[in-house]
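Observations on the model geometry
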Amino acid sequence: MNKVQKILILIGMLFFNLINAEDINENVQKKINKESADILVENLNQHFIINFSKGRQLCEKNLTSIINNKSLSFLKESESIKSIDNKKALEIHANRMKSMAPVFARAGCLVKYRFELEKILYDSFHSIEETILFQRASQLKLNKSKKMLINRALLNDHNTWIKDNLDLDNKVERERRNNGFNSVLNTIAGFYINNSSLGCKRISTNSETFTCN
């Protein structure tokens, strides 16, 4: 496998699900059928803002930086690619990552928050039906110790968090967790892209560049 093929596969592994986040995952949406999915996500988002405003901002800042640095590394890598088509493909992915970084960062931090809440509430990882979890989580009154646990997770290095929660030795459990994480991430990113009330919007009507307040 040549260098270009490895690069393009890496892009697919890291960002294929996020780049296609506009297509809300149907299976997850079916699970959230007892109450409006928009309301459930908005309530959880509001719970996140109220309880972890500073941690949320720092989490998003760190994750935005990671995404932007990855974008720059891909653009730099593209300079050494001789194939015009492969070079262009890598540049398009890199620029899309940069323009969507605020949305990806906001979605990624809410997803991390969602999984930390599940661990607190049920001592599990993507084992609870979404409606039940979102309803209970958005009404949860967190004590000081639980807030400290979540804050540590939010401020923890993102690669370390992924390694601890997704990169497990057990192949079956690793695959189950990764599939669940990607499914939720796809869905949440889609909500942020399509629902401006959550704080993210295009800089102009026809733009693919987002900003989040």
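As shown above, the structure is provided for reference.
Residues numbered from 1 in each chain as written. Predicted model: local features only at pLDDT ≥ 70, side-chain atom pairs only at ≥ 80, totals over all residues. Heavy atoms only, no water.

As for the pattern of salt bridges
Selection rule: By definition here, a salt bridge exists when the distance from a side-chain nitrogen of Lys or Arg to a carboxyl oxygen of Asp or Glu is within 4 Å. Here a helix means four or more residues in a row that DSSP labels H or I, a strand means two or more in a row labelled E, and each is numbered from the N terminus. The cut-offs for exposure are 20% and 50% of the maximum accessible area for each residue type, with area from a 1.4 Å probe on protein chains only; residues under the lower value are buried, those over the upper are exposed, and the others partly exposed.
Per the stated rule, a full pass over the model turns up 9 salt bridges. A salt bridge links Arg56 to Glu60; its shortest N-O distance comes to 3.4 Å. One end of the pair is Arg56 and the other is Glu60, both in helix 4 (residues 53–78) and 4 residues apart, which spans about a single turn. Glu60 gets classed as buried once you look at its relative accessible area, which sits at 11%. One salt bridge in this structure joins Glu208 and Arg96, with 3.8 Å as the shortest N-O distance. You can see Glu208 sitting in the loop between strand 1 (200–202) and strand 2 (210–212) and its partner Arg96 sitting in helix 5 (residues 84–122), a full 112 residues away along the chain. The exposure class of Glu208 is partly exposed, given its relative accessible area of 38%. Residues joined by salt bridges that share partners form a network here, namely Arg56, Glu60 and Arg106.

What to know about helix 3 (residues 37–51)
Test applied: Helix span, as expected, comes to 1.5 Å for every residue beyond the first. What the arc covers is the set of directions going from the helix axis to the C-beta atoms. Contacts are assigned to residue pairs with any non-hydrogen atoms lying within 4.5 Å of each other.
Taking 1.5 Å as the rise per residue, helix 3 with 15 residues should run 21 Å; its terminal C-alpha atoms sit 21 Å apart, in good agreement. The set of residues buried in helix 3 consists of Ala37, Leu40, Val41, Leu44, Asn45, His47, Phe48 and Asn51. Along the axis of helix 3, the buried positions cluster into a sector of 155°, meaning they face one direction only. Contacts made by the buried residues of helix 3 are with helix 4, helix 5, helix 6 (130–138), helix 7 (144–155) and helix 9 (171–194).

Regarding the packing of helix 3 against helix 5
The criterion, for reference: In this analysis, axes come from line fits to C-alpha atoms, helices being fitted only over the stretch in contact, and the angle between any two N-to-C directions falls in the range 0 to 180 degrees. For classification, angles of less than 35 degrees are called roughly parallel, those exceeding 145 degrees roughly antiparallel, those between 65 and 115 degrees roughly perpendicular, and all remaining angles oblique. In this classification, the charged set is Asp, Glu, Lys and Arg, the nonpolar set is Ala, Val, Leu, Ile, Met, Phe, Trp, Tyr, Cys and Pro, and all remaining amino acids, among them Gly, are polar.
Running from amino to carboxyl end, helix 3 crosses helix 5 at an angle of 90°, the nearest separation of the two axes being 11 Å. As judged from the angle between their axes, helix 3 and helix 5 are roughly perpendicular. Residues Leu44, Asn45, His47, Phe48 and Asn51 of helix 3 touch helix 5, and the partners they reach there are Cys109, Leu110, Tyr113, Arg114 and Leu117. Residues that form the contact of helix 3 with helix 5 fall into these classes: 6 nonpolar, 3 polar and 1 charged.

As for the nonpolar core
Note the following rule: As used in this record, nonpolar core signifies buried Ala, Val, Leu, Ile, Met, Phe, Trp, Tyr and Cys residues forming a set joined through side-chain atoms within 4.5 Å.
Core analysis: the biggest nonpolar cluster contains 49 residues, and Tyr113, Leu117, Ile188 and Tyr192 have the highest contact counts within it. Elements supplying a minimum of two residues to this core: helix 3, helix 4, helix 5, helix 6, helix 7 and helix 9. No other element matches helix 5, which puts 16 residues into this core. Discounting residues that sit within four places of it in the chain, Leu117 has contacts with Leu44, Ala137, Leu140, Leu142 and Ile150.

Observations concerning the environment of Gly180
Its location among the elements puts Gly180 in helix 9. When its relative accessible area of 4% is taken as the criterion, Gly180 is described as buried. Counting along the chain gives 14 residues from Gly180 to Leu166, while the straight-line C-alpha distance between them is 9.9 Å.

Some points on unusual backbone geometry
Positive phi outside glycine occurs at Asp123, with the angle close to 55°. Checked against the element boundaries, Asp123 lands in the loop between helix 5 and helix 6. For His126, which is not a glycine, the phi torsion comes out positive at approximately 55°. Structurally, His126 can be placed in the loop between helix 5 and helix 6.

Description of the side chain of Ser138
Rules: Any pair of nitrogen or oxygen atoms within 3.5 Å is treated as a polar contact; in protein, a donor-acceptor pairing is required on top of that, and neighbouring residues in sequence qualify only through side-chain atoms on both sides.
With respect to the element layout, Ser138 can be found in helix 6. In terms of polar contacts, Ser138 uses its side chain to reach the backbone carbonyl oxygen of Gln135, at 3.2 Å. If we skip the residues at most four places from it in the chain, Ser138 touches Asn43, Leu44 and His47.

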